[in-house]
Amino acid sequence: MTELTTIEINRLERLEEIVSKGMRSFVEVGLALAEIQSNRLYRAQYETFEEYCQERWQFSASRGRQLVGAVGALASLPAELPKPANAAQAEALARIADESRRSEVWTIAVQRATAEGRMPTAREIGEIDIEVGDVFGDDDGNEEWNEFTDGERNMTEVKPMFRELGDLLRRASDIADALSRTSAKQWMLTGGSSLQKHIRDARDHVNAARPAGVCPLCSGARCAKCFDTGWMNGTRLHHYRPSR
Ligand SMILES: [Zn+2]
């Protein structure tokens, strides 16, 4: 094991302080670990980054690398969008290897979630990744149309319509909100239920119905479980697909 310079010793102390106070923010932790790893600042006491993670912090090296990778993935996101707020979101993004696809998934995820006044969840990021991958033919952009399964073709047909319907309902929701701030306010509550509630229910319905991926049981060839479509919505797909 090789000695550290005084500068490195001081730097290591600083970085370790960040990790141990920890969890202040996953971004700080990831950046600190990345620097410790790439400059091998652990080398005076530990042979490897693996050993360092396990013995110094009691987490596995793969956990350490996950944090480093998650922070690295943030760098490639479109600057105008908000950054992921926690490690789970960032790690879900880091699992998408391709940078432009990662940006696209994050863009869609943020658009949908901010329409509901919140940030995307890690699970939504995973689902949108599947959705995006299905439309663009995953890994191989040169596939012929007839090489797609029925499920993929069917999804490609309905996805733009679902997206348009979602946009329309979002617009409907905005107008209904505006109306409820006018003289129409009381008339919006006909029958004890508000129009906004109906529109919200319709949006939930659309979100639940839209395709989340190719049917894992028939691989898109169409079967009874996917109602002869070759694709499944999020709930059903989640039920039948073994967790990744
Ligand atoms: Zn099927």
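The notes below deal with the structure included here.

Definitions and limits used
Residues numbered from 1 in each chain as written. Predicted model: local features only at pLDDT ≥ 70, side-chain atom pairs only at ≥ 80, totals over all residues. Heavy atoms only, no water. Salt bridge = Lys/Arg side-chain N within 4 Å of Asp/Glu carboxyl O. Helix = DSSP H or I, 4+ residues; strand = E, 2+ residues; numbered from the N terminus. Buried < 20%, exposed > 50% of the residue type's maximum accessible area, 1.4 Å probe, protein only. Donors = N, O, S within 2.8 Å, 3.2 Å for Na, K, Ca; no water. Phe/Tyr/Trp six-rings, centres within 6.5 Å; stacked < 30°, edge-to-face > 60°. Lys NZ or Arg CZ within 6 Å of the ring centre and 35° of its normal. 1 Å grid on protein atoms, 1.4 Å probe; cavity = no way out; pocket = protein on both sides within 12 Å on 5 of 7 lines; lining within 4 Å. Points joined across faces, edges and corners; volume = space filled by probe spheres on them. Nonpolar A, V, L, I, M, F, W, Y, C, P; charged D, E, K, R; others polar.

1. Digging into the pattern of salt bridges
All chains considered together, the criterion is met by 16 salt bridges. For the salt bridge of Arg56 with Glu16, the shortest nitrogen-to-oxygen distance reads 3.2 Å. In this pair, Arg56 is assigned in helix H3 (residues 49–57) and Glu16 in helix H1 (residues 6–21), connecting sequence segments 40 residues apart. By relative accessible area, which is 30% here, Arg56 ends up partly exposed. Arg112 is the salt-bridge partner of Glu131, the closest N and O atoms lying 2.8 Å from each other. Linking Glu131 in helix H7 (residues 122–135) with Arg112 in helix H6 (residues 99–114), this pair joins segments that are 19 residues apart in sequence. Of the two residues examined, Glu131 and Arg112, each falls in the buried class. Connected through shared salt-bridge partners, Asp150, Arg153, Arg222 and Asp228 make up one network.

2. Here's the deal with the coordination of the zinc ion
The zinc ion binds to the protein through Cys215 (SG), Cys218 (SG), Cys223 (SG) and Cys226 (SG), with metal-donor distances spanning 2.3 to 2.4 Å. Here the donor residues of the zinc ion are spaced in sequence according to C-x2-C-x4-C-x2-C.

3. Let's talk about the packing of aromatic side chains
Taken as a whole, this structure holds five aromatic pairs when the rule is applied. Ring geometry for Tyr42 versus Phe49: centroids 6.1 Å apart, planes at 50 degrees, classification tilted. In this pair, the class of Tyr42 matches that of Phe49, namely buried. Ring geometry for Tyr46 versus Tyr52: centroids 5.5 Å apart, planes at 70 degrees, classification edge-to-face. A residue is classified by how much of its surface remains accessible, and Tyr46, at 12% relative accessible area, is buried. Following the ring pairs from residue to residue traces out a cluster consisting of Tyr42, Tyr46, Phe49, Tyr52 and Trp57. The aromatic ring of Trp57 is capped on one face by Arg56, whose charged end is 4.1 Å from the ring centroid.

4. Regarding the layout of surface pockets
Reported here for the largest pocket is a volume of approximately 780 Å³. Contributing to the lining of the largest pocket are 30 residues, with Arg112, Glu131, Asn207, Ala208 and Arg210 lying nearest its centre. Of all the elements in the fold, those that place two or more residues in the lining of the largest pocket are H6, H7, helix H8 (150–179), helix H9 (195–209), strand E1 (211–214) and helix H10 (234–240). Its residues assigned to classes, the lining of the largest pocket comprises 11 nonpolar, five polar and 14 charged.

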